[in-house]
Amino acid sequence: MSDLDLEAIGAWMARHAEGLDPPVSAEKFAGGQSNPTYLLRGVRFSYVLRRKPPGQLLKSAHAVDREYRVQRALADSDVPVAKMHALCEDETVIGSAFYLMEHVQGRNFDDPRLPELRKEDRSPYFTEMVRVLAAIHSMDLDAAGLSDYGPRGNYYRRQIDRWTKQYRATETGTIEAMDALMARLDRACPEDDGRVTLVHGDYRLDNLLFAAETPDIVAVLDWELSTIGHPFADLAAVIMQWQMPPGSQGRGLEGVDRAAEGLPSDDEVVALYCENMGLARIENFGFYVAFCFFRMAAILQGVKKRALDGNASNPERALELGALVPGYATGGLEALG
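To start, this report covers the structure provided alongside it.

The rules we used
Residues numbered from 1 in each chain as written. Predicted model: local features only at pLDDT ≥ 70, side-chain atom pairs only at ≥ 80, totals over all residues. Heavy atoms only, no water. Buried < 20%, exposed > 50% of the residue type's maximum accessible area, 1.4 Å probe, protein only. Helix = DSSP H or I, 4+ residues; strand = E, 2+ residues; numbered from the N terminus. Contact = heavy atoms within 4.5 Å. 1 Å grid on protein atoms, 1.4 Å probe; cavity = no way out; pocket = protein on both sides within 12 Å on 5 of 7 lines; lining within 4 Å. Points joined across faces, edges and corners; volume = space filled by probe spheres on them. Nonpolar A, V, L, I, M, F, W, Y, C, P; charged D, E, K, R; others polar. Salt bridge = Lys/Arg side-chain N within 4 Å of Asp/Glu carboxyl O.

A separate point is helix 2 (residues 64-73). Among the residues making up helix 2, those that are buried are Val 64, Glu 67, Tyr 68, Val 70 and Gln 71. Looking at the buried positions of helix 2, the neighbouring elements they touch are strand 3 (46-51), strand 4 (84-88), strand 5 (98-102), strand 6 (197-199) and strand 8 (217-220).

Right, let's get into empty space enclosed by the protein. Using the criterion set out here, one finds 4 cavities of 30 Å³ or more in the structure. By volume, the largest cavity is sized at about 100 Å³. For the largest cavity, the full set of lining residues is Gly 201, Asp 202, Tyr 203, Arg 204, Leu 225, Ala 237, Met 240, Gln 241, Cys 292, Arg 295, Met 296 and Ile 299. Contributions of two or more residues to the lining of the largest cavity are made by helix 6 (232-242) and helix 9 (285-309). Looking at the lining of the largest cavity, the element that brings in the most residues is helix 9, giving 4 residues. In terms of residue class, the lining of the largest cavity is built from 7 nonpolar, 2 polar and 3 charged. Considered as a void within the structure, the second largest cavity measures approximately 60 Å³ in volume. Lining the second largest cavity, in full, are Asp 110, Pro 112, Met 129, Arg 204, Leu 205, Asp 206, Val 238, Gln 241, Trp 242 and Arg 251. Top contributing element to the lining of the second largest cavity by residue count: helix 6, with 3 residues.

Scanning all chains against the criterion turns up 21 salt bridges. The partner of Arg 157 in a salt bridge is Asp 186, with the nearest N and O atoms 2.5 Å apart. With Arg 157 in helix 4 (residues 155-170) and Asp 186 in helix 5 (residues 176-188), this residue pair connects regions lying 29 residues apart in the sequence. A relative accessible area of 26% means that Arg 157 is categorised as partly exposed. The class of Asp 186 is partly exposed, set by a relative accessible area of 40%. Across the pair Asp 206 and Arg 204 runs a salt bridge whose closest N-O atoms are separated by 2.8 Å. By the burial criterion, Asp 206 is buried, and Arg 204 matches it. Through salt bridges with shared partners, a single network forms among Asp 202, Arg 204, Asp 206 and Arg 251.

Geometric values such as these leave the question of function open.
Structure follows, in structure tokens:
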């Protein structure tokens, strides 16, 4: 069951999505807190609908049109993405903008410990994860038609300013660690080093679909935060996530004996990324990790605010995620040293 108007979607598809079956059923995916996502089934095949959430939204948030554009631009590139079918920007159809895309069959992992796999089979999944991240950062923006996909200039200065503003707009109480982290990042923000690439913005294991029996990535999902920016933020986001506790809440690797579990260390992953990108090393990596803790804290604060306002995709889960904000802020301070 879902809250979608299937009749309205079918009527719109008849005009704008030739060749696709009108939906006869819809099932909402449980994961994801930002843009609600649904599996639509037609008579012949299935596809996926991703929409903006209903209600009052921050101006720059939930940009499904950008998700659609970047994935369409990446078709047939070295970055695996789902095929885009159609974009609807007319909010009168179902109450918010949405797009339709291919339903990619693949294997998804929530836990970076990869307990579903044998110890000896785990490492190649991380090697593939790093390879695809390097492919994203190696995209020719001009050739892909993405040269105007984001503003140029100091990415971290822009992002710190943007997410500080977003956090303040959704703040529901004082969190001293978050205030301290924002102040320290503001002071520590590095000068622009000239690196400009496509960035995913939320690159992590659970936003990847792998082939059923091999470590090959068949689709990178959730491009809402993608833009033109600095590549080290994506890599640091991966490392940041692994500093969190294991399990359904943190989905991290804190305290895990990685060598014993067949999992790579942070340093090994960073070194592998550098090898893929032709870099000798990354200086001041702690700043990039701290920045990612800050950005995730700001995102989760927005999730909490939507739950309190009655606009969350999954209100109970949204409040659980919102409770993690202080921990992310503390993690950011520790990363800065």
